[in-house]
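One letter stands for each residue in the lines below.
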Amino acid sequence: MIISCLMLGLQAQAQSSMTDDQVMRFILKEREAGTTQTQIVTKLVQRGVDIEQIRRVKKKAERLQKQEGLGAISNETATGSNNRLRQNNAEKRGTKSDERSERSVLRQQTDEGLYNSQYRTSEIRRRDERTSLWRDDEYVQQMEDELNTFLPDTAALLEHLLAEREQLRYKRKVFGRDMFSKENLTFEPAMNIATPQSYRLGPGDVVYIEVYGASQKTIEGTISPDGEVTIEDFGPISLAGLTVEQANARLRSTLGARYQSSSVKLTVGQTRSILVNIYGEVEAPGTYTLSAFSTVFNALYMAGGVNDIGTLRNIKVYRNSQLIANVDAYDFIMNGNLRSNVRLADNDVIVVGSYDCLVNITGKVKRPMYYEMKKNESLQTLLRYAGGFTGDAYTKQLRVVRKTGREYSVHNVEEFDWSTFRVNDEDSVSVDSVLNRFSNMAEIRGAVFRPGMYQVGGNISSVKGLIENAEGLREEAFTAHAVMHRMKADRTLEVVQVDVDGIMNGTIGDIPLQPNDVLFIPTKADLMQQQTLTIDGEVHFPGIYQYAANETLEDLILQAGGLKDNASTVKVDVSRRITNPKALTTDSLTAFTYSFALKDGFVIDGEPGFTLQPFDQVYVRKSPGSYEQQNITVEGEVMFSGTYTLPKKDARLSDIIRSAGGVNDRAYTHGARLERRYNEIERMAAEEARNKAREEMEALQIELATSTNNANLANLKTTQQQRKYEVGETYPVAIELDKALAQPGCDEDIILREGDRLIVPQYNATVKINGEVMYPNSVSFRKGKSVGYYIDQAGGFTNKAKKSRTYIKYMNGHIAKVGRDAKPEPGCEIVVPQKSLTKMTVAEKLAIGTGIISIGTLIATLANILK
């Protein structure tokens, strides 16, 4: 069963994204629920967890419980190699990345869903390579063994660690605290540089002793744990603890007698590794194996940097129980100073204490965040750390909120006191923004060449100076009266009237400007309504045109594109509004109207010297003797079918048949029909009727869908709604062409109009039976047979038939109810409607709805016929 479960889980392996934290939580939850190890293993495999991840989680749990460092790696020295380049033999993040990321993941991840996609991809790749193992019971047993070896109290420890991690999302951002957790800033020492003469040799260092001159020899050796290097044919020489310079002096004095005519020089090859102890407030305190060239920063990087309460400003380095350095990381961050980043020696101790004070600065600074400050540092230093003010900062004062141990206090620190005001722990410093107002601005708007804001002062101290700096007045400026808004002391506005013309020509005194004055100089057009002319009727471009002085009627007609061909030249009307601003009573006269006759676009009859005035309206009438062709279509059994132009306004059916050469011998004139195109009024009436019918049917569908709770009804409703209930282009008109031809001009010989379509069919010797009959079909016409005969031919009525409402639709468009001397004719259709039922089926109600729409259209059609 386990194997089958694992096989099912294989399909999901490539998409697993369980983090180590999620695996921890899952194991804890399943253990609390009493799930067996075998079941836990099965569930983990189904979620994409493999044995490597189980081992990694186990190591993390054990290491976190013991509070151990990340361990040391073996010190291997490649002696005997001809390559003298040094290798960094310290612990590396690359080789221990899994272990270090396991510890730092609890600190850095703020969301369980976040997971490194590159790491997840590599995990999936490794799982895919091991899919064959998942089919082996031995592999399952190995996973169970790993789970069984968890320490008994691991669960409680993991619960505590994971709970702490939930609080990290609220951790405040402190400047510089992440400098030792960035992957691209490792502070690794440069290994292949000239060995400093002050470098002290120790066990594990590889040394090369070069003898050159009369003798040529290279001696390679590694300083032993006893501090000696053995020289062939000579013996051991003690070098440990000596600087490179001191070691060279000792070798020359020791080997000088043997190589009297030669020189002896010592160089250092691969350096030893050293052990450095890191304690205090770091993420992973412990003992670390580092390169002999490593510095304090490199060691702090290996320890994951400082934790939430660790200091960056006072990191102490001890050697042989003596304090040798106080490291301030801010000195490096702000100044690039590496003086305090001392080179470490074997068994050095780095102690990271807690911070003195954290100060938060917010508002208009370039880098608002928390900063670790020393107690003797001032606000001036804090501002420097924060990058200084932004451009919109209020720079005269800082606000400091301080916790006094009992309550809050606030301090407003002026700019001259920033260098002397000392910060305290948990101080909160805020920098306000500048006020949204101007101290020396005056604005000019309106009819000047360069409107805008100007500086008050110097040559811009009065209204005249402001206008002159705005490049002067525009030609259309109204200079008799301008308006200046001035802000009073309580910041309310007052209006100052300005005689611009008098100020500019010196006839009245200039007005001094004050800050925030706004001067508005109107244009003459601003003071009056926009003056227009309107032309309508038979011109090419009717519309509204800008008024211009001295414009004539001919000018406006030319602007409108000239007269159309159907324009009347004997009656062009101009209406003019009546304006009397001094009137005290009303007048019955509301407008003046002038009529003109034109010839070749020029006035030949009317008021002489007539010019248009603002707001005149011109009407070019349509000539009563101008007509456009009105066409109809004749189709079917006529001699010459096609399109014909109505020769006169009252052209009738007989006239058009005569124009078409008459009917041929196949024509069935009694069945001829006429289709008429809707005009605007008819279309509006038809659409209104149909929309009303559509709304009634939609309401019926919603009622059915709601009451029956039937999804199919709801779907049917949606389908019906998606249909377009549009009125067609034409509607039928009932005619009797045979009577019209027999007696031209009679009532049956109706008058035609543009767009009519006359169809003269052939004889149709069938009768169609439709509606509520047993078998709707078409049968041959039998002269003299009644409606009942044809109903019987369709199998008789159904039990839903409304027999008394049966009607006949004739080919010519007429409709007759059965029982009122209505007799079947060739080509007709007998329709049996459905009777109303108390309980109607869905299909019946929808049929009624559809019928309502058809009836609505029919009503509109009949209304037009009756006109």
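Residues numbered from 1 in each chain as written. Predicted model: local features only at pLDDT ≥ 70, side-chain atom pairs only at ≥ 80, totals over all residues. Heavy atoms only, no water.

A. Structural view of the environment of D665. On the secondary structure map, D665 appears in the loop between α16 (653-659) and β29 (673-677). Relative accessible area serves as the criterion here: at 72%, D665 is assigned to the exposed category. Taking the C-alpha atoms as reference points, D665 and M639, separated by 26 residues in sequence, lie 9.5 Å from one another. (Helix = DSSP H or I, 4+ residues; strand = E, 2+ residues; numbered from the N terminus. Buried < 20%, exposed > 50% of the residue type's maximum accessible area, 1.4 Å probe, protein only.)

B. Region of interest: the packing of aromatic side chains. Under the criterion given, the structure shown has 13 aromatic pairs. Aromatic pair Y789 and Y790: ring centres 5.0 Å apart, planes at 80°, arrangement edge-to-face. We classify Y789 as partly exposed; its relative accessible area is 24%. Joined through ring pairs, the aromatic side chains of F175, Y330, Y371 and Y385 make up one cluster. The residue whose ring lies beneath R577 is F615, and the NZ or CZ to ring-centre distance is 4.0 Å. (Phe/Tyr/Trp six-rings, centres within 6.5 Å; stacked < 30°, edge-to-face > 60°. Lys NZ or Arg CZ within 6 Å of the ring centre and 35° of its normal.)

C. Spatial organisation of the sheet that holds strand β1 (residues 206-213). Read across the open sheet, the three strands follow the order β2-β1-β5; overall the sheet is antiparallel. Strands with a single pairing partner mark the edges of an open sheet, and in this sheet they are β2 (217-222) and β5 (262-268). Averaged over all pairs of adjacent strands, the angle between strand axes in this sheet comes to 15°, irrespective of strand direction. In the sheet, β1 pairs with β5 via seven bridges, with the strands oriented antiparallel. Looking across to β5, one finds that I209 is bridged to L266. (Pairing = 2+ DSSP bridges. Axes fitted to C-alpha atoms, helices over the stretch in contact; angles between N-to-C directions.)

D. Examining the nonpolar core more closely. Residues L266, I350, Y371 and L379 are the most contacted members of the largest nonpolar core, which totals 77 residues. Among the elements that line this core, the one with the most residues is helix α10 (residues 296-302), at six residues. (Core = buried A, V, L, I, M, F, W, Y, C linked by side-chain atoms within 4.5 Å.)

E. Region of the structure containing the sheet that holds strand β10 (residues 349-354). With mixed pairing, five strands are arranged side by side in an open sheet as β7-β6-β10-β8-β9. Bordering the open sheet on either side are β7 (286-291) and β9 (322-327), each of which pairs with just one other strand. Strand-to-strand twist in this sheet, taken as the mean axis angle between neighbours without regard to direction, amounts to 25°. Direction of pairing for strand β6 (residues 273-280) relative to β7: antiparallel, over a ladder of six bridges. By the bridge assignment for β7, L275 is matched with T289.

F. Broad picture of the pattern of salt bridges. Scanning the entire structure with this criterion turns up 32 salt bridges. A salt bridge links K396 to E415; the shortest N-O distance between them is 3.7 Å. With K396 in the loop between α12 (379-385) and β13 (397-403) and E415 in the loop between β14 (408-414) and β15 (428-431), this residue pair connects regions lying 19 residues apart in the sequence. For E415, a relative accessible area of 30% gives the class partly exposed. One connected set of salt bridges, linked through shared partners, spans R313, D328, K374 and E377. (Salt bridge = Lys/Arg side-chain N within 4 Å of Asp/Glu carboxyl O.)

G. Summary view of the side chain of E210. Here E210 shows up in strand β1. Of note is the side chain of E210, whose polar atom sits 2.8 Å from the side chain of T218. (Polar contact = N/O pair within 3.5 Å; in protein donor to acceptor, adjacent residues only side chain to side chain.)

H. Quick look at the pairing of β13. The side-chain alternation of β13 yields one buried face, formed by L398, V400 and R402, and one unburied face, formed by Q397, R399, V401 and K403. Where β13 and β14 come together, seven bridges link them in antiparallel fashion. Residue pairing across strands places R402 opposite S409, the latter belonging to β14. The antiparallel pairing of β13 with β14 creates a hairpin that spans four residues between the two strands, and G405 there sits at a positive phi of about 100°. Here β13 pairs with β15 via three bridges, running antiparallel. Bridging across to β15, V400 finds its partner in V429.

I. Broad picture of the environment of M302. Summarising the element assignment, M302 is placed in helix α10. On the basis of relative accessibility, which here comes to 5%, the residue M302 falls in the buried class. Note: C-alpha distance between M302 and E188 (114 residues apart in sequence) is 9.9 Å.

J. Structural detail: unusual backbone geometry. One non-glycine residue with positive phi stands out, namely R491, at about 65°. Locating R491 in the fold gives a position in the loop between β18 (482-487) and β19 (493-498). Residue R491 is classed as partly exposed on the basis of its relative accessible area, which comes to 39%. The phi dihedral of N516 is positive, around 75°, even though this residue is not glycine. The topology assignment puts N516 in the loop between α14 (500-505) and β20 (518-521). Of the residues examined, N516 reaches a relative accessible area of 17% and is grouped as buried.

K. Layout of helix α3 (residues 37-46). Taken together, the buried positions of α3 are Q37, I40, V41, T42, L44 and V45. The first or second residue beyond α3 is G48, which carries a positive phi of 95°.

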